[in-house]
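Geometric and topological summary
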Amino acid sequence: MTPRNGLTLQTALSTHIAAGGKCFVPYLTGGLPGWEATISAAAAAGVQGIEIGIPFSDPVMDGPVIQHSSQKALDAGATPAAIIDSVASIDVEVPLAVMTYANLVYRFGYERFASELRAAGISGAILPDIPLEEAGPWCEAADGSGVETVMLAAPTADDDRLERVVERARGFVYAVGLLGITGERESLAATSKVIAARLKSMTDKPVLVGVGVSTPQQAVEVSEVADGVVVGSAIVRRILETGSAEAGGELMAEFVEALALG
Amino acid sequence: MGEPTGVGRFGSFGGLFVPETLVPALQELDEAFRDAWADQGFRDELDGLLRDYAGRPSPLTECERLGAELGIRLFLKREDLNHTGSHKINNVLGQALLAKRMGKKRLLAETGAGQHGVATATAAALLDMECLVYMGEVDMARQELNVFRMRLLGAEVTPALSGSRTLKDAVNEAMRDWVATVEHSHYCLGSVMGPHPYPYMVREFHRVIGNETAEQCAQRIDGDGLPDVVVACVGGGSNAAGIFSGFAEHPSVELVGVEPAGGAAIGNGVPGIVHGMLSFLKQDEFGQVQEAESISAGLDYPGVGPEHSHLHEIGRARYVPVTDDEVIDAFALLSRTEGIIPALESAHAIAWVSRERAQLAGKTVVVNLSGRGDKDVAQMMEIMGDKL
């Protein structure tokens with residue numbers, strides 16, 4: 001299958017940005033009961049891309065909300081293969097990426113994982129525990145299958161390291177907004193604008209800030225510098241609390257609208 | 001057992017599978033460790049603490065009664081006699097001194113049975129540092145004396161409430177904390193596991209066990225001065241790495257790592273990636289990490305240090321399982337015959353020697369008695385009190 005709407009993740013985001021838009025990419029945990037409806041709700045809300053989590057037993061980069069949703073999905077029997085298979089039959093025209101941890105991909109086999117993503121119409125992959133130093137074998141498989149590997153760029157990196165991260169990134173550059181794990185914060189961390197500005201000065205690739213972006217207002221604030229945001233915990237919490245894809249869709253629409261107004 | 005190659009690799013195992021935020025800190029730690037380890041001033045300071053504070057060198061005790069009963073010549077390397085009751089103090093004093101040298105004021109640690117947590121809390125008190133220990137909620141209940149000890153020493157103990165609420169989850173919580181506090185905290189990892197440089201650095205801090213034992217064997221064993229077999233329990237594998245390092249270069253010495261049957265990463269696992277390393281790991285067919293189940297909280301870990309995976313793969317060491325029942329018997333056996341109550345972890349090594357007495361007949365065996373059993377007597381009273 002070709003990527004959704006025939007575009008790569010990077011082309012789709014760049015086109016939106018070139019037209020003056022800011023990108024909103026929600027994270028949604030795959031395998032939660034009823035999760036397919038949340039993907040459709042995201043597409044209906046007008047998001048620019050969707051990050052689908054494949055739950056792992058030991059998600060070290062994730063805070064309580066995503067830990068909880070991951071565990072809930074695992075308890076419901078979620079497996080990587082089943083999630084990827086389901087995605088293949090979800091009819092949305094938004095570029096998709098999976099977010100998961102190294103061991104699930106290693107166990108699946110790097111080449112097989114990459115080709116199955118591609119076959120399911122999934123454009124990208126985000127693997128937060130595969131940094132540059134370990135990226136070689138996976139990236140070779142991903143590049144070979146045309147899967148875009150989104151790299152994370154953290155505030156702790158010096159400029160030389162950031163340059164190398166940006167160089168290796170495909171799809172977009174995932175700017176880690178703060179020192180810490182995923183989860184909601186009362187206010188936007190000062191580090192998020194700083195890392196976004198550093199990255200924007202280095203690259204024309206889309207720069208999206210994630211980790212700690214919790215409200216439409218914070219999304220707008222950081223997007224004064226960045227090309228957009230990735231938001232997970234706030235949306236997943238809404239979905240878990242209401243048990244409703246629609247309620248999740250409403251919150252996603254609020255983000256999209258706020259970013260459109262600027 | 002030399003330096004790792006490439007990005008922290010022992011053969012094909014090891015590596016640096018961590019969130020990007022931590023990579024610069026791990027690279028800084030690698031450099032700082034190598035710099036310190038090559039600095040005689042640092043080595044002298046650490047040796048001084050190990051001698052005057054921890055009580056090194058630890059004795060090598062020959063077990064005449066138990067040896068006679070088993071038909072072997074048996075020595076115990078007495079890490080149980082170190083300050084805080086186990087080998088863990090070797091690594092912790094090294095890392096705490098290193099953290100101080102790096103200008104970090106806060107130590108983070110995970111703990112299973114509580115021995116590493118107590119050791120870290122001890123070093124923090126000694127060196128005037130803050131200390132936060134993550135411990136699985138289940139382990140806090142079964143090792144409540146160690147929880148109290150850590151608090152008495154001035155450390156904060158925070159329960160890990162996720163997953164199986166044991167050691168694996170305590171590591172997750174410590175790593176999550178470190179991602180947020182990396183600028184002023186040092187993660188004092190308690191075993192030869194995790195991302196590079198920990199497997200290498202922690203083994204070097206425990207190398208003192210192997211060095212001392214080799215020297216003591218040379219004085220006590222006739223002929224080549226070497227034992228036939230060196231045995232140690234393996235969870236993450238730090239005490240085993242320490243004592244193996246003294247003998248790995250002598251091919252005549254057999255190295256045996258004893259895993260709990262319910263948590264045998266090498267025995268029952270396949271290679272996988274968790275906690276920053278590629279190593280043998282108990283996992284399901286999809287790669288979800290499985291919970292280890294062992295009578296000893298300190299060995300309740302589904303992974304193993306990557307250098308052990310390598311030693312297994314090249315056939316230099318072999319890894320064998322023992323059951324909880326065999327461990328209970330060994331716990332009682334050593335207590336009764338030698339007047340030494342072992343930690344349940346260390347009792348795994350004794351259990352294997354006892355079970356394999358026939359194949360070991362006439363051989364000289366050194367067991368690393370990694371810790372003392374004081375922390376386990378309440379639990380063992382529940383299990384075997386009625387029989388006494």
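Residues numbered from 1 in each chain as written. Chains lettered and ligands numbered in written order. Predicted model: local features only at pLDDT ≥ 70, side-chain atom pairs only at ≥ 80, totals over all residues.

Side note on the overall build of chain B
Short version of the rule: Secondary structure follows DSSP: runs of H or I at least 4 residues long count as helices, runs of E at least 2 residues long count as strands, and numbering of each begins at the N terminus. The globule rule used here is 2.2 Å times the number of residues to the 0.38 power, and the radius of gyration it is set against is calculated over C-alpha atoms. Any residue whose C-beta has 12 or fewer other C-beta atoms within 10 Å is treated as exposed, any with 20 or more as buried, and any in between as partly exposed, C-beta atoms being built from the backbone. Working definition of a contact: two residues with C-beta atoms, positioned from the backbone, lying within 7 Å.
Helix and strand counts for chain B stand at 16 helices and 14 strands. The C-alpha radius of gyration computed for chain B amounts to 19 Å, which stays within 12% of the reference 21 Å derived for 388 residues, consistent with globular compactness. Dimensions along the principal axes, computed over C-alpha positions, put chain B at roughly 55 × 45 × 45 Å. Looking at the 388 residues of chain B, the share that counts as buried comes to 62%. Across chain B, the fraction of contacts at a sequence separation of at least 24, relative to all contacts at a separation of at least 6, is 74%.

Quick look at the sheet that holds strand β7 (residues 156–160) of chain B
All names here are of chain B. Applied cut-off: Here a strand pair is declared whenever DSSP counts at least two bridges between the two strands. Every angle, taken between N-to-C directions, lies between 0 and 180 degrees, and every axis is a line fitted to C-alpha atoms, over only the stretch in contact when it is a helix.
If you walk across this open sheet you meet the four strands as β7-β6-β5-β8, and the pairing is parallel. The two strands at the open ends of the sheet, each matched to only one other strand, are β7 and β8 (185–187). Strand-to-strand twist in this sheet, taken as the mean axis angle between neighbours without regard to direction, amounts to 25°. Two strands pair when backbone bridges link them, and strand β5 (residues 106–111) and β8 are joined in this way by three bridges, in the parallel orientation. Residue pairing in the sheet places R106 in a bridge with S185 of β8.

Looking at the interface of chain A and chain B
Stated formally: Only Asp, Glu, Lys and Arg are considered charged, only Ala, Val, Leu, Ile, Met, Phe, Trp, Tyr, Cys and Pro nonpolar, and every remaining residue, Gly among them, polar.
If you look at the interface, chain A gives 30 residues, while chain B gives 28 residues. Mapped onto the side of chain A that touches chain B, the elements with two or more residues apiece are α3 (64–75), α5 (102–108) and β5 (148–153) of chain A. A total of five residues in the side of chain A that touches chain B trace back to one element, the largest contributor, which is α5(A). Tallied by class, the residues present in the side of chain A that touches chain B amount to 18 nonpolar, six polar and six charged.

Focus on the domain arrangement of chain B
Residues and elements named next belong to chain B. For clarity, the cut-off: Start and end points for every domain follow an automatic or database-based domain assignment.
Taken domain by domain, chain B comprises domain 1 (9–49 + 88–187) and domain 2 (55–86 + 207–387). Facing the 29 residues of domain 1 at the interface are 33 residues of domain 2. Residue assignment for the side of domain 1 that touches domain 2 shows that the elements contributing at least two residues are β2 (13–17), α4 (88–101), α5 (115–126), α6 (137–142), α7 (144–152) and α8 (167–181). Of all the elements, β2 adds the most residues to the side of domain 1 that touches domain 2, at five residues. Per-class residue counts for the side of domain 1 that touches domain 2 are twelve nonpolar, 13 polar and four charged.

Focus on the sheet that holds strand β14 (residues 364–369) of chain B
Residues and elements named next belong to chain B. Spatial strand order, β3-β4-β14-β9-β10-β13: six strands in an open sheet with mixed pairing. The sheet terminates laterally at β3 (60–62) and β13 (317–322), the two strands that pair on one side only. Each adjacent strand pair in this sheet contributes to an overall mean axis angle of 25°, direction not counted.

With respect to the nonpolar core
For clarity, the cut-off: Among buried residues, those of type Ala, Val, Leu, Ile, Met, Phe, Trp, Tyr and Cys that are joined through C-beta atoms within 7 Å form a set called a nonpolar core.
Within the largest apolar cluster, 222 residues are counted, with the highest numbers of intra-cluster contacts made by A:A153, A:Y174, A:A175, A:L208 and B:V231. The biggest single contributor to this core is helix α9 (residues 198–220) of chain B, with nine residues. Counting the residues that make up this core, at least three belong to each of domain 1 (9–49 + 88–187) and domain 2 (55–86 + 207–387) of chain B. Excluding its chain neighbours within four sequence positions, the residues that come into contact with A:Y174 are A:I126, A:V150, A:M151, A:L152, A:A153, A:L208, A:G210 and A:V230.

Some points on the packing of α5(B) against α7(B)
Residues and elements named next belong to chain B. Where we set the bar: For classification purposes, an angle smaller than 35 degrees is called roughly parallel, one larger than 145 roughly antiparallel, one from 65 to 115 roughly perpendicular, and anything else oblique.
Packing of α5 against α7 leaves a shortest axis separation of 9 Å and a crossing angle of 10°. Here α5 lies roughly parallel to α7, going by the angle between them. Where α5 abuts α7, its residues G117, V118 and A121 lie against N146, R149 and M150. Grouping the constituent residues of the contact of α5 with α7 by class yields three nonpolar, two polar and one charged.

Side note on the environment of A:P206
Residues and elements named next belong to chain A. When you line up the elements, P206 lands in the loop between α9 (190–200) and β7 (207–210). Judged by the 28 C-beta atoms lying within 10 Å of it, P206 is buried. Considering only alpha carbons, one finds P206 and C23, 183 residues apart in sequence, at a separation of 8.9 Å. Leave out the neighbours within four places in its chain, and P206 touches Q10, L13, S14, I17, C23, F172, V173 and D227.

Examining α7(B)
Residue and element names in this part refer to chain B. Under the convention used in this document: The arc in question is formed by the directions pointing from the helix axis toward the C-beta atoms.
Looking at α7, one finds that the buried residues are N146, V147, R149 and M150. Projected onto a plane normal to the axis of α7, the buried residues spread over an arc of 160° and lie on a single side. Buried residues along α7 sit in contact with α5, β6 (130–136), α6 and β7. Backbone geometry just downstream of α7 places G154 in the positive-phi region, at approximately 100°.

Some remarks on α5(B)
Residue and element names in this part refer to chain B. Our working rule: The span one expects for a helix is its residue count, reduced by one, times 1.5 Å.
Given a rise of 1.5 Å per residue, twelve residues ought to cover 16 Å, and the 16 Å separating the end C-alpha atoms of α5 matches this to within 8%. The buried count for α5 comes to ten of twelve residues, which makes it a mostly enclosed element. Listing the buried residues of α5 in full gives Q115, H116, G117, V118, A119, T120, A121, T122, A123 and A124. Residues of α5 that are buried make contact with α4, β5, β6 and α7.

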